[in-house]
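An overview of the molecular structure
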Amino acid sequence: KKGKDTVAKLNRTLNDASFYGVRVEASRALRSIHTDEALDALLASTKQSDARVRRQVVSDIGDFYRDTAHASARGVLDAEKNPEILAIAIRNLSAYAKPETQTTLLKFLDSESFRNELAVAAIDAMRSQDDPAYIAPLLASLPKREAAYTSRGFAQALSSLGYLARNEEKKDDVREFLVSHVNSKKRAVQLASINALGTLGDPKAVPVLQTFA
């Protein structure tokens, strides 16, 4: 039910229920209602004391495409300390093709965080935006900071790089960087580089790929 009474009850539950799990479900319910009133209720409920509820609210706000949702994500980046919640807010920004979004993503690309998860979130957002303007910054950052990534995180970065460059006329720099990782001792990185070369679609990569066929 999407009426204002339902939204009001869920809003009270989200902010007053004693058990965090109930508050999490109230947030999810507001997201599923997906009205302007439901978004307003979520926006008014971001200051949760329990990080699990706060994370859910930030995630659910990201399901809306509104200027207020964009402003909320930016507010989270300014005030939040929990890296997992920050990562969600970074990914939420990917829906907004604004100049300040690119500036923010590039800032987090070179940021320091546990397991480099904020940089990974920024790369995921870059992939979602599908803007080739991110190719050069990635090629500049990834070689310098490879050691900061987990194998899985760096594999995601390689995959995103191949995806972003797939429609470019000149692919030499991306191809060479991906080829430099096809013999990685980290299996996840090796497979990611091979798959990324497939996504890149550069005929000059065929001889390298044939050696693994």
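Here, every reference points to the structure presented above.
Within every chain, residues take consecutive numbers counted from 1 along the sequence as written. In keeping with the model being predicted, local features are shown solely for residues with a pLDDT of at least 70 and side-chain atom pairs are shown and tallied solely at 80 or more, while totals for entire chains, interfaces and linings include all residues. Values shown for side chains rest on all heavy atoms present in the structure; no hydrogens or waters enter the calculation.

Along its length, the chain carries 13 helices and 0 strands. Along the chain, from the amino end to the carboxyl end, the secondary structure elements read α-α-α-α-α-α-α-α-α-α-α-α-α. Along the first, second and third principal axes, the C-alpha atoms of the chain reach 65 × 30 × 30 Å. Categorising residues by exposure relies on relative accessible area from a 1.4 Å probe, with only protein chains included: less than 20% of the type maximum marks a residue as buried, more than 50% marks it as exposed, and the intermediate range marks it as partly exposed. Relative to its 213 residues, the chain shows a buried fraction of 46%. Only heavy atoms enter the contact rule, under which two residues are in contact if any of them lie within 4.5 Å. Considering only intrachain contacts with a sequence separation of at least 6, the fraction spanning at least 24 residues in the chain is 64%. Where accessible areas are quoted, they stem from the Shrake-Rupley method and a 1.4 Å probe; at the residue level, only the protein chains shown are allowed to cover. Accessible area of the chain: about 11200 Å², with a carbon and sulfur share of 49%. Neither His nor the chain termini are counted; the positive set is Lys and Arg, and the negative set is Asp and Glu. We put the charge of a Lys on NZ, of an Arg on CZ, of an Asp on CG and of a Glu on CD. With 31 positive and 27 negative side-chain charges, the chain shows a spacing of 5 Å between the two charge centroids. Secondary structure elements are defined from DSSP: runs of H or I of at least 4 residues count as helices, runs of E of at least 2 residues count as strands, and each element is numbered from the N terminus.

Attention now moves to the layout of surface pockets. The definitions used throughout rest on a 1 Å grid laid over the protein atoms alone, on which a cavity is an enclosed set of points accommodating a 1.4 Å probe that cannot get out and a pocket is an open set flanked by protein within 12 Å on both sides along at least five of seven lines; lining residues are those having an atom within 4 Å of a point. Grid points are joined across faces, edges and corners, and a volume is the space filled by probe spheres set on the points. The calculated volume of the largest pocket comes to roughly 190 Å³. Around the largest pocket sit Glu84, Ala87, Ile88, Arg91, Arg115, Glu117, Val120, Thr150, Arg152, Gly153 and Gln156, which together line it. Sorting the residues of the lining of the largest pocket by element identifies helix H6 (83-92), helix H8 (117-129) and helix H10 (151-164) as the ones contributing at least two each. At 4 residues, H6 tops the list of elements feeding residues into the lining of the largest pocket. Residue type decides the class: Asp, Glu, Lys and Arg count as charged, Ala, Val, Leu, Ile, Met, Phe, Trp, Tyr, Cys and Pro as nonpolar, and the leftover types, Gly among them, as polar. Split by residue class, the lining of the largest pocket holds 3 nonpolar, 3 polar and 5 charged. Of the volumes computed, that of the second largest pocket is approximately 160 Å³. Every residue along the wall of the second largest pocket is listed here: Thr46, Lys47, Arg54, Val58, Ser72, Gly75, Val76, Ala79, Glu80 and Ile85. Secondary structure elements with two or more residues in the lining of the second largest pocket: helix H4 (51-61) and helix H5 (67-79). For the lining of the second largest pocket, the leading source of residues is H5, giving 4 residues. For the lining of the second largest pocket, the per-class residue count stands at 4 nonpolar, 3 polar and 3 charged.

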